[in-house]
Amino acid sequence: MKIFKLPDLGEGLQEAEIVEWHVKAGDDIAADQPLVSVETAKAIVEIPSPHSGRIVKLYCEAGQLVHVGAPLAGFEGADEDADSGTVVGEVQVGQEVHAEAPAAIGAGPSAVRATPAVRALARQLGIELAMVAPSGADGIITRSDVQRAAKELAAAGPAEPLRGVRRAMAQNMALAQAEVAAATVIDDADIHAWAADSDITIRLVRALVAGCRAEPALNAWYDGHSMGLRRLERVDVGIAVDLAEGLFVPVLRDVAQRDAADLRRGLDRMHADVLARKIPAEELRGSTITLSNFGMIAGKYAAPVVVPPTVAILGAGRAHDQVVAVEGVAVVHRVLPLSLTFDHRVVTGGEAGRFLAAVIADLQRAD
């Protein structure tokens, strides 16, 4: 029997969740015929059979999280000389499923104060001490604190493991929190002069280009480990898309060189691909700056999160009518709230302010 293992799916992805098997044990399959669909942090990927043969065994079930290199299927009658990332011979596969513990975020173990007996009790009850509120003197966690936490968690029910997109979001947000020195500036753009049928998202993309031309430092990648900044010529905008499965950020490429109609076609295609979970992984990477139009849902201002290696994200709030002063007279105009978060390690407050001023100036144009 020949074993086919989960191949490297690229983009640094080390795991995938089995969505659906297209075969069952005993089926004959031809090379390149769909074998299994898996969900990664990027998209749903269909993996074809590496060769022809009969399926002897499927090593995992739908819903199971599988790491790169783990066995997927056993073949009989397969071409032994075919190089498909498989291994020859029997593979001993354990039947026990191990839950993967989440990475610690925030205070480390040294911040937790508890006696060895209390720590042993926490291990016995499966309680993470970092989640327990201490009641003892000087912030020491007591036995009763651990027992209370155990009761509260039991009442809340089992934790739902994060998978796919939400797991990637958790990892990216933790990375951003740990690395980025985030600062946010807010202001409003008076869009009273806009035509009634103006495309807000396309206008925001165009305004981002104006901001990048005024202050190229915000269209950049920063490597915090080497302390190296790459100012980028091309503007590739990551557009935040909110779905029930989590946050997707497909990338609209080379926006400075495209007209409004072409940008709208690109946005519509990307949105359809994201909804169908068929967007290629390469379209979810390589953004140089990010746009979050959260005002389409609710909210005026926010502190959007900058995800490395980018150094800036522009958030657009809910457009609304507001009383403003025009030549000393109070009038009602349409206003678009803006929130610009930047990585203060490499972007100065002055650069961020000039960037935002250029964005506002472009948005306040009639056309």
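Heads up: the structure comes first, above all this text.
This is a predicted model, so every value here is computed, not measured.

Asker: Where do I start with the overall build of the protein chain in this structure?
Answerer: Scanning the protein chain from N- to C-terminus turns up 6 helices and 22 strands. By the burial criterion, 39% of the 367 residues in the protein chain qualify as buried. Contacts in the protein chain between residues at least 24 apart in sequence constitute 63% of all its contacts with a sequence separation of at least 6. Counting every atom, the protein chain has about 19700 Å² of accessible surface; 53% of that belongs to carbon and sulfur.

Asker: Is there a simple way to think about the environment of E215 in this case?
Answerer: Tracing the backbone shows E215 in the loop between α4 (200–214) and β13 (220–223). We classify E215 as buried; its relative accessible area is 11%. Excluding residues that lie within four positions of it along the chain, E215 makes contacts with E351, R354 and F355. Only 2.6 Å separates the side chain of E215 from the side chain of R354, close enough to count as a polar contact.

Asker: I tried to follow the sheet that holds strand β5 (residues 44–48) on my own but got confused; where do I start?
Answerer: By definition, the strands of a sheet pair up through backbone hydrogen bonds, in either a parallel or an antiparallel sense. Taking strand neighbours across the sheet as the criterion, the 4 strands line up as β5-β4-β2-β7 in an open arrangement whose pairing is antiparallel. Either end of the sheet is taken by a strand with one partner, and the two such strands are β5 and β7 (65–67). Between one strand axis and the next, the sheet turns by 45° as a mean value, whatever way the strands run.

Asker: Sorry if this is basic, but what is going on with the side chain of E283 here?
Answerer: Structurally, E283 can be placed in the loop between α5 (260–275) and β19 (289–292). Judged by relative accessible area, which is 17%, E283 ranks as buried. When residues no more than four places from it in sequence are discounted, the contact partners of E283 are V249, P250, V251, R253, R269 and M270.

Asker: Would you mind showing me how to read unusual backbone geometry here?
Answerer: The peptide bond linking P308 to P309 adopts the cis configuration, its omega dihedral lying at 10°. Of note, P309 is situated in the loop between β19 and β20 (312–316). Although it is not a glycine, M227 sits at a positive phi angle of roughly 55°. Position of M227 relative to the elements: it lies in the loop between β13 and β14 (228–231). Residue classification places M227 among the exposed residues on the basis of a relative accessible area of 66%.

Asker: How should I be thinking about the pattern of salt bridges in this particular structure?
Answerer: Pairs can form between side chains of opposite charge whenever their charged atoms are close. On inspection of all chains with the given rule, the structure shows 17 salt bridges. For the salt bridge of K24 with D27, the shortest nitrogen-to-oxygen distance reads 3.4 Å. Taking relative accessible area as the criterion, K24 reaches 53% and is therefore assigned exposed. Salt-bridge contacts for D321 lead to R334; the nearest nitrogen and oxygen are separated by 3.3 Å. Placement of D321 in strand β21 (residues 320–326) and of R334 in strand β22 (residues 329–343) is noted, with a sequence separation of 13 residues between them. When salt bridges with common partners are traced through the structure, they connect R206, D362, R365 and D367 into a single cluster.

Asker: In this structure, what is going on with the pairing of β14? I would like to understand it.
Answerer: In terms of strand pairing, β13 meets β14 through 4 bridges, oriented antiparallel. Across the sheet, residue Y222 finds its bridge partner in β14, namely L229.

Asker: Quick question: what am I supposed to make of the environment of L6 here?
Answerer: As for its position among the elements, L6 is in the loop between β1 (2–5) and β2 (15–21). When the C-alpha atoms of L6 and V38 are compared, they prove to be 9.8 Å apart, with 32 residues separating the residues in sequence. For L6, the contacting residues outside a window of four places in its chain are A16, I47, V66, H67, V68, G69, A70 and L72.

Asker: Would you explain the nonpolar core in this entry?
Answerer: Nonpolar side chains tend toward joint burial in soluble globular proteins. The biggest cluster of nonpolar side chains holds 42 residues, and the ones touching the most others in it are L338 and L363. Element by element, the count of residues in this core is highest for α4, at 7 residues. One finds A16, L35, V36 and F75 within the second-largest nonpolar core, a separate group that totals 17 residues.

Asker: What should I look at first to understand the packing of helix α1 (residues 116–125) against helix α2 (residues 143–156) in this one?
Answerer: When two helices pack together, their arrangement is given by the angle between the helix axes and by the axis-to-axis distance. Contact geometry of α1 with α2 gives a least axis separation of 9 Å together with a crossing angle of 15°. In terms of orientation, α1 and α2 fall into the roughly parallel class. Crossing of α1 against α2: the hand is right-handed. Contacts from A117, V118, L121, A122 and L125 of α1 reach α2 at R143, V146, Q147 and A150. Its residues placed into classes, the contact of α1 with α2 shows 7 nonpolar, 1 polar and 1 charged.

The rules we used
Residues numbered from 1 in each chain as written. Predicted model: local features only at pLDDT ≥ 70, side-chain atom pairs only at ≥ 80, totals over all residues. Heavy atoms only, no water. Helix = DSSP H or I, 4+ residues; strand = E, 2+ residues; numbered from the N terminus. Buried < 20%, exposed > 50% of the residue type's maximum accessible area, 1.4 Å probe, protein only. Contact = heavy atoms within 4.5 Å. Areas by Shrake-Rupley, 256 points an atom, 1.4 Å probe, with all protein chains shown as cover. Polar contact = N/O pair within 3.5 Å; in protein donor to acceptor, adjacent residues only side chain to side chain. Pairing = 2+ DSSP bridges. Axes fitted to C-alpha atoms, helices over the stretch in contact; angles between N-to-C directions. Salt bridge = Lys/Arg side-chain N within 4 Å of Asp/Glu carboxyl O. Core = buried A, V, L, I, M, F, W, Y, C linked by side-chain atoms within 4.5 Å. Parallel < 35°, antiparallel > 145°, perpendicular 65-115°, else oblique. Left-handed = near helix turned anticlockwise from the far one by under 90°. Nonpolar A, V, L, I, M, F, W, Y, C, P; charged D, E, K, R; others polar.

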